[in-house]
Amino acid sequence: MAVKIPDPLKRRHVLESPPEGAKALAIAEAYLEEGRRLEALLFLKYAEAQDRLDTIYEEGIAEGDAFLVRECAAAMEREIDGREWRRVAEAAAAQGKDTYAADAARQAERLGA
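Since the structure is predicted, the reported quantities are computational estimates derived from the model, not experimental observations.

**Student:** Please clarify how the confidence of the model for the protein chain should be interpreted in this entry.
**Tutor:** As a note on interpretation, predicted positions should not be read in detail where pLDDT is low. With 99% of its residues at a pLDDT of 70 or more, the protein chain has an overall mean of 93. The element-level mean pLDDT for the protein chain is lowest in helix 1 (residues 8-16), coming to 85, with helix 6 (residues 82-94) highest at 98.

This is the structure we're talking about:
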């Protein structure tokens, strides 16, 4: 049986006592099927789906999506190093995402990369 994406109120209730394992993963998959990666991140974290989080993190870098990279890193409870910020900046610049490119470049500089 396919899991439906919870409406905003139900989502809030679900997150008050976070689901684990298969239930969290099923909700995350429902979000991912609709292309809603940001909303899937917390559920992937609760499901301990590190491989999926790693994939989204790398996609964010390749897409130059500084916001997605930052949110994914937060879900994984890890720091983004200067080299990764530099990769985000380069990808964002190549795709014309000037705001993300500038943000990522600032972060890379701050970290000495």
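After presenting the structure, the write-up continues.
**Student:** Looking at this model, I keep getting lost on the nonpolar core. Mind explaining?
**Tutor:** For soluble globular proteins, nonpolar side chains are generally found buried alongside one another. Counting 30 residues, the largest nonpolar core has Leu 44 and Tyr 57 as the members making the most contacts within it. Those residues in contact with Tyr 57 that sit more than four places away from it in its chain are Val 69, Cys 72, Ala 73, Met 76, Arg 78, Ile 80 and Glu 84.

**Student:** Can you walk me through the environment of Val 69 in this structure?
**Tutor:** Secondary-structure assignment places Val 69 in helix 5 (residues 66-76). Taking the C-alpha atoms as reference points, Val 69 and Val 88, 19 residues apart in sequence, are found 8.3 Å from one another. With residues up to four places along the chain from it excluded, the contact list for Val 69 reads Tyr 57, Gly 60, Ile 61, Ile 80 and Val 88.

**Student:** What am I meant to see in the packing of helix 1 against helix 3 (residues 37-46) here?
**Tutor:** Geometry of a packed helix pair, given as the angle between the helix axes and the separation of the axes. In contact at an axis separation of 12 Å, helix 1 and helix 3 are set at 25° when each is read in the N-to-C sense. With respect to helix 3, the axis of helix 1 lies roughly parallel. Seen from above, helix 1 lies across helix 3 with left-handed handedness. On helix 3, the residues that touch Arg 11, Val 14 and Leu 15 of helix 1 are Glu 39, Leu 42, Phe 43 and Tyr 46. Considering only residue class, the contact of helix 1 with helix 3 consists of 5 nonpolar, no polar and 2 charged.

What counts, and where the lines are drawn
- Residues numbered from 1 in each chain as written.
- Predicted model: local features only at pLDDT ≥ 70, side-chain atom pairs only at ≥ 80, totals over all residues.
- Heavy atoms only, no water.
- pLDDT = per-residue confidence, 0-100.
- Helix = DSSP H or I, 4+ residues; strand = E, 2+ residues; numbered from the N terminus.
- Core = buried A, V, L, I, M, F, W, Y, C linked by side-chain atoms within 4.5 Å.
- Buried < 20%, exposed > 50% of the residue type's maximum accessible area, 1.4 Å probe, protein only.
- Contact = heavy atoms within 4.5 Å.
- Axes fitted to C-alpha atoms, helices over the stretch in contact; angles between N-to-C directions.
- Parallel < 35°, antiparallel > 145°, perpendicular 65-115°, else oblique.
- Left-handed = near helix turned anticlockwise from the far one by under 90°.
- Nonpolar A, V, L, I, M, F, W, Y, C, P; charged D, E, K, R; others polar.

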